[in-house]
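# Coordinate analysis (summary)
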Amino acid sequence: MEYVILIVSAVLVNNFVLSRFLGICPFLGVSRRIPTAMGMSGAVIFIMTLASAVTWALQRLMLDPLGLGYLQTLAFILTIAALVQLIDIVMKRFVPPLHAALGIFLPLITTNCAVLGAAVINMKEGYGFFKSVLFGFSAALGFAFALLIFTGLRERIELADPPQCFKGVAISLITAGLLSLAFMGFSGLVK
């Protein structure tokens, strides 16, 4: 039951984008078309899960034993950047259309504070290896869930005719705010 609560909490209640407001840049940047949003979702799920595992091992096996805990943020950022570079190279080689569609937003995962946030939260909460990986995966799943819902809403809004002053970024931000309010309804699920 503890793991179910962790998953529900990370996906719905404490959603990284809509509750913690982490990862807004790629959230707004790639939410114009569903295929691009799905590609970014897959990349974030893979990176955040892998980063949670690698940063947990880095912290527990290297930083803590050597008394270098103060280097946590720097070490995590460098680790995440290396993982994103690896994904970038693999996607460029094996999935060129998706790599081209993601464009600049794939390297932006390096600076996506949601990925770093998951790694830091894992350490702050004192999760073990399995719980860290599960939390990273669940948080990324929540990011993907929010991104796909938002992208679907944006595609529908493009077909509508909002007033001129709301077109473009304004209606996107209003939609994101309303989606965030809707997710606040899940706050009673987990204490």
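Shown above is the structure to which this text applies.
A brief look at the structure comes next. (Residues numbered from 1 in each chain as written. Predicted model: local features only at pLDDT ≥ 70, side-chain atom pairs only at ≥ 80, totals over all residues. Heavy atoms only, no water.)

## Notes on the packing of aromatic side chains
A complete count under the given rule lists seven aromatic pairs for this structure. On the numbers, 6.0 Å between centres and 55° between planes, the contact of Phe16 with Phe135 is tilted. A residue pair is termed long-range when its members are at least 10 positions apart, and Phe16 in the loop between helix H1 (2-13) and helix H2 (24-29) and Phe135 in helix H8 (residues 129-159) qualify at 119 residues. By the burial criterion, Phe16 is buried, and Phe135 matches it. Judged by centre distance (4.6 Å) and plane angle (20°), the rings of Phe27 and Phe150 are stacked. Placement of Phe27 in helix H2 and of Phe150 in helix H8 is noted, with a sequence separation of 123 residues between them. We note that Phe27, like Phe150, is buried. Three or more aromatic residues joined by ring pairs form one cluster here, namely Phe16, Tyr127 and Phe135. Between the NZ or CZ atom of Arg93 and the centre of the ring of Phe94, over which it lies, the distance is 5.6 Å. (Phe/Tyr/Trp six-rings, centres within 6.5 Å; stacked < 30°, edge-to-face > 60°. Helix = DSSP H or I, 4+ residues; strand = E, 2+ residues; numbered from the N terminus. Buried < 20%, exposed > 50% of the residue type's maximum accessible area, 1.4 Å probe, protein only. Lys NZ or Arg CZ within 6 Å of the ring centre and 35° of its normal.)

## What about H1?
Looking at H1, one finds that the buried residues are Leu6, Ser9, Ala10, Val11, Leu12 and Val13. Along its buried surface, H1 packs onto H8 and helix H9 (169-184). (Contact = heavy atoms within 4.5 Å.)

Read these as spatial facts, not as claims about activity.
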